[in-house]
Amino acid sequence: RAAEEARLWVRVPALAAGATRSLHLVYGAPAAGPGGSFDLTFGKDLLDDGLVARYALDEGYGPYTGDGSGAAHHGTLVNGPTWSSADGGRWGTRQDVAFGTGSCLVFDGTNDYVEVPAHSAFVIDQMTIAAWIQPMSIPASTYKPILAKQNQVSDGAQDFAFMARDNSGDGLVDLLYLDFQGSSTISLPTPLANNSWHHVAVSVDGRGLHTYYLDGALVGTVQKNPGRARQSWPLRLGARSNTYWKG
């Protein structure tokens, strides 16, 4: 509609002067091709994909962060994590191209986090957790939480927790850890440099297989017993058992 606007960034490796290139945007349906209908191309409902919650953490202001899944599991900022516009939403080192707000949320490692209220949607037996992280520092031989589901932030028990660790004592993240009805760890191919962005993910299937990824590449798998996150507890980004993410 005339009153609305959508902006799309397209990365074209090379284009000869005077040449014409056709670009086709397909989203949401593998069958959609050139000339596909609007509904076929854009009729995407994230709730049908089993996505429980999605946090871009790019609002840039305010005491809340929105759930982009459409399920309205919005989060509240606790104890003052701060909004930063110094990074995010860019391709590589280019400063002239930004495809997001550029904002991100910074945690001080002392006591701040994001809390999402308890919901039955978080009672699960299979899951994938994925996050963009930029660690500032990891104290030697300690775990730092990316996301956890606990009753209280001070509790030692949890339904699940996804964390990063400095295992070698050099202050760099070199290990990922998941506690989900049994814990598993995986060593990273190389330590993550502080103040650099990386994408980390772990999935758990119905057989209890924990599969870890770093920057889109498979790191490894650990077989555990199948389980279920049964408790009606909140989610917390950046906090678990009185330990806090810094970055």
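Residues numbered from 1 in each chain as written. Predicted model: local features only at pLDDT ≥ 70, side-chain atom pairs only at ≥ 80, totals over all residues. Heavy atoms only, no water.

## Some thoughts on the sheet that holds strand β6 (residues 127–133)
Then step 1. One open sheet holds the four strands; their spatial order is β6-β11-β12-β13, and the pairing between them is antiparallel. Lying at the two open borders of the sheet, with one neighbouring strand each, are β6 and β13 (217–223). The sheet shows a mean angle of 15 degrees between the axes of neighbouring strands, direction not considered.
Then step 2. Pairing of β6 with strand β11 (residues 198–204) involves seven bridges; the strand directions are antiparallel. Its bridge partner lying in β11, Ile-129 is registered against Val-202. (Pairing = 2+ DSSP bridges. Helix = DSSP H or I, 4+ residues; strand = E, 2+ residues; numbered from the N terminus. Axes fitted to C-alpha atoms, helices over the stretch in contact; angles between N-to-C directions.)

## Description of the nonpolar core
Then step 1. Ranked by internal contacts, the top residues of the largest apolar core, which has 36 residues, are Phe-160, Phe-162 and Leu-178.
Then step 2. Broken down by element, this core gets its largest block of residues, four residues, from β6. (Core = buried A, V, L, I, M, F, W, Y, C linked by side-chain atoms within 4.5 Å. Buried < 20%, exposed > 50% of the residue type's maximum accessible area, 1.4 Å probe, protein only.)

## Considering unusual backbone geometry
Then step 1. Of note in the backbone geometry, Leu-57 takes a positive phi value of approximately 55 degrees without being a glycine.
Then step 2. Assignment of secondary structure puts Leu-57 in the loop between α1 (38–42) and β1 (64–65).

## Things to note about the packing of aromatic side chains
Then step 1. Tallied over the full model, the rule gives three aromatic pairs.
Then step 2. Centre to centre, the rings of Tyr-143 and Tyr-177 are 4.7 Å apart; their planes meet at 50 degrees, and the pair counts as tilted. A residue pair is termed long-range when its members are at least 10 positions apart, and Tyr-143 in strand β7 (residues 143–149) and Tyr-177 in strand β9 (residues 173–179) qualify at 34 residues.
Then step 3. Residue Tyr-177 is classed as buried on the basis of its relative accessible area, which comes to 11%.
Then step 4. Measuring from centroid to centroid gives 6.2 Å for Phe-160 and Phe-180, while their planes differ by 55 degrees, and the two rings are tilted. One end of the pair, Phe-160, is in strand β8 (residues 160–165); the other, Phe-180, is in the loop between β9 and β10 (183–192), and 20 residues separate them in sequence. The residues Phe-160 and Phe-180 share a single accessibility class, namely buried.
Then step 5. Positioned above the aromatic ring of Tyr-143, the side-chain terminus of Arg-165 is 4.4 Å from the ring centre. (Phe/Tyr/Trp six-rings, centres within 6.5 Å; stacked < 30°, edge-to-face > 60°. Lys NZ or Arg CZ within 6 Å of the ring centre and 35° of its normal.)

## Focus on the sheet that holds β9
Neighbouring strands of a sheet are bound in pairs by backbone hydrogen bonds; such pairs are parallel or else antiparallel.
Then step 1. Spatially, β1-β2-β5-β14-β7-β8-β9-β10 is the arrangement adopted by the eight strands of the open sheet, whose pairing is antiparallel. Each edge of the open sheet is held by one strand with a lone partner, namely β1 and β10.
Then step 2. Across three bridges, the pairing between β7 and strand β14 (residues 235–237) is antiparallel. Across the sheet, Lys-149 pairs through a bridge with Leu-235, a residue of β14.

## With respect to the pairing of β9
Then step 1. In terms of burial, β9 is largely enclosed, as seven of its seven residues are buried.
Then step 2. For β8 and β9, the ladder comprises five bridges, and the chain directions are antiparallel. Bridge pairing in β9 places Arg-165 opposite Leu-175.
Then step 3. The antiparallel pairing of β9 with β10 creates a hairpin that spans three residues between the two strands, and Gln-181 there sits at a positive phi of about 55 degrees.

## Topic: the side chain of Asp-67
Then step 1. Secondary-structure assignment places Asp-67 in the loop between β1 and β2 (75–78).
Then step 2. One buried charged side chain, Asp-67, makes no salt bridge at all; its nearest oppositely charged neighbour is Arg-54, positioned 7.4 Å away.
Then step 3. Apart from residues lying up to four places away in sequence, Asp-67 is in contact with Val-52, Ala-53, Arg-54, Tyr-55, Ala-72, His-73 and His-74. (Lys, Arg positive; Asp, Glu negative; His and termini not counted. Salt bridge = Lys/Arg side-chain N within 4 Å of Asp/Glu carboxyl O. Contact = heavy atoms within 4.5 Å.)

## Quick look at the environment of Ser-168
Then step 1. By the element assignment, Ser-168 lies in the loop between β8 and β9.
Then step 2. Sequence separation between Ser-168 and Ala-140 is 28 residues, and the spatial gap between their C-alpha atoms is 7.2 Å.
Then step 3. A distance of 3.2 Å separates polar atoms of two side chains, one belonging to Ser-168 and the other to Asp-170. (Polar contact = N/O pair within 3.5 Å; in protein donor to acceptor, adjacent residues only side chain to side chain.)

## Description of the confidence of the model for the protein
Then step 1. Confidence along the protein averages 82 in pLDDT terms, with 77% of residues attaining 70 or more.
Then step 2. In the predicted structure, residues 36–45 sits below a pLDDT of 50 and forms 16 contacts with residues beyond four places in sequence or in another chain. (pLDDT = per-residue confidence, 0-100.)

## Describing the pattern of salt bridges
Then step 1. For the structure on display, the rule yields four salt bridges.
Then step 2. Between Asp-125 and Arg-228 there is a salt bridge; the shortest N-O distance is 3.4 Å. Placement of the pair is Asp-125 in the loop between β5 (113–116) and β6 and Arg-228 in the loop between β13 and β14, with a sequence separation of 103 residues.
Then step 3. Arg-207 serves as the salt-bridge partner of Asp-205, at 3.0 Å between the closest nitrogen and oxygen.
Then step 4. On the accessibility criterion, Asp-205 (23% relative accessible area) is partly exposed.

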